[in-house]
Amino acid sequence: MLDADFFRRWMTAAAASVDREAERLTDLDSAIGDADHGSNMQRGFAAVLTTLEKEAPTTPGAVLTLAGRQLISTVGGASGPLYGTLLRRTGKALGDASEVTGAQLGEALRVGVDGVMALGGAAPGDKTMVDALVPAVDALGEGFTAARAAAEEGAVATTPLQARKGRASYLGERSIGHQDPGATSSALLIAALEEAAEGAGDE
Ligand code: ADP
Ligand code: MG
């Protein structure tokens, strides 16, 4: 079972990973965007950790809805509202249970990813975060390791695509040949789930 501490560990691992990879995310965004994705993600997840500490939510759903709300209010770029929606919708779908199963998390994340697609209008293949998130959710039934691998594969597979959504789409064919920054950060977010699960034995 996954409790509020698991979800706190997820957000903590995501923040650490985004910190480590901020420069890479910004480099990717400088190729097909405006070179702010690393700093957007860093600022957003740092604020998430601060608010989680301050408000100390006690259920999985409350951890994620609070994190999502914080991302929406902290991150100005397109990715803030999108990641915020992902976490907020996922959190709402988890309801107020004090613990959830991996299967329930999978179903809730599906709702969250559907929310991202509804808000941003992107479908798989449009060269966005959706290209990492959808395969990850599809693979989650096989466990966090499978989800991480699927997300990483999905992110890498954005390289030959032409962007059809977001800032990169303004480049048209010139967006081809670069990995999408948002798909890359989504793979980090999913990898952090696996780290959170590994941390469970430490307590
Ligand atoms: P901005 O584009 O406003 O500078 P960021 O650089 O933080 O915001 O995030 C860019 C990432 O957001 C892209 O790489 C892409 O993955 C994602 N993104 C942008 N627009 C959309 C959209 N409509 N749907 C899904 N993801 C999107
Ligand atoms: Mg940007």
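Every value quoted in this text rests on a predicted model; they were computed, and no experiment measured them.

J.: Help me understand helix 7 (residues 144–156) in this model?
T.: Because an α-helix completes one turn every 3.6 residues, residues spaced three or four positions apart along the sequence face the same direction. Taking 1.5 Å of rise per residue, 13 residues should cover 18 Å, and helix 7 covers 18 Å from first to last C-alpha, within 8% of that figure. Summarising the contacts, the buried residues of helix 7 are in contact with strand 1 (2–3), helix 1 (4–32), helix 5 (102–120), helix 6 (130–139) and helix 8 (181–198).

J.: Hey, could you run me through the site of ligand 1 in this one?
T.: For ligand 1, the set of nearby residues contains 20 residues, the closest of which are His37, Asn40, Ala78, Ser79 and Asp180. One nitrogen or oxygen atom from the side chain of aspartate 34 is found 2.9 Å from an oxygen atom belonging to ligand 1. Contacts to ligand 1 include aspartate 36, whose side-chain N or O atom sits 3.0 Å from an oxygen atom. Burial of ligand 1 by the protein chains amounts to 92% of its free accessible area of 560 Å². Of all the elements in the fold, those that place two or more residues in the shell around ligand 1 are helix 2 (37–55), helix 4 (79–94) and helix 8.

J.: Sorry if this is basic, but what is going on with the packing of aromatic side chains here?
T.: Throughout the structure, instances matching the rule amount to three aromatic pairs. On the numbers, 5.1 Å between centres and 80° between planes, the contact of phenylalanine 6 with phenylalanine 7 is edge-to-face. Using a relative accessible area of 0% as the deciding quantity, one classes phenylalanine 7 as buried. An aromatic cluster of at least three residues, connected via ring pairs, comprises Phe6, Phe7, Trp10 and Phe144.

J.: What's the story with helix 5 in this structure? I'm lost.
T.: End to end, helix 5 covers 27 Å across 19 residues, agreeing with the expected 27 Å (1.5 Å per residue, within 8%). Residues of helix 5 that are buried: Leu105, Gly106, Ala108, Leu109, Gly112, Val113, Gly115 and Val116. Summarising the contacts, the buried residues of helix 5 are in contact with strand 1, helix 1, helix 4, helix 6, helix 7 and helix 8. At the exit of helix 5 stands glycine 121, carrying a positive phi of roughly 75°.

Conventions and cut-offs
- Residues numbered from 1 in each chain as written.
- Chains lettered and ligands numbered in written order.
- Predicted model: local features only at pLDDT ≥ 70, side-chain atom pairs only at ≥ 80, totals over all residues.
- Heavy atoms only, no water.
- Helix = DSSP H or I, 4+ residues; strand = E, 2+ residues; numbered from the N terminus.
- Expected span 1.5 Å × (residues − 1).
- Contact = heavy atoms within 4.5 Å.
- Near = heavy atom within 4 Å.
- Polar contact = N/O pair within 3.5 Å; in protein donor to acceptor, adjacent residues only side chain to side chain.
- Areas by Shrake-Rupley, 256 points an atom, 1.4 Å probe, with all protein chains shown as cover.
- Phe/Tyr/Trp six-rings, centres within 6.5 Å; stacked < 30°, edge-to-face > 60°.
- Buried < 20%, exposed > 50% of the residue type's maximum accessible area, 1.4 Å probe, protein only.

By themselves, these are just geometric observations and shouldn't be taken as functional.
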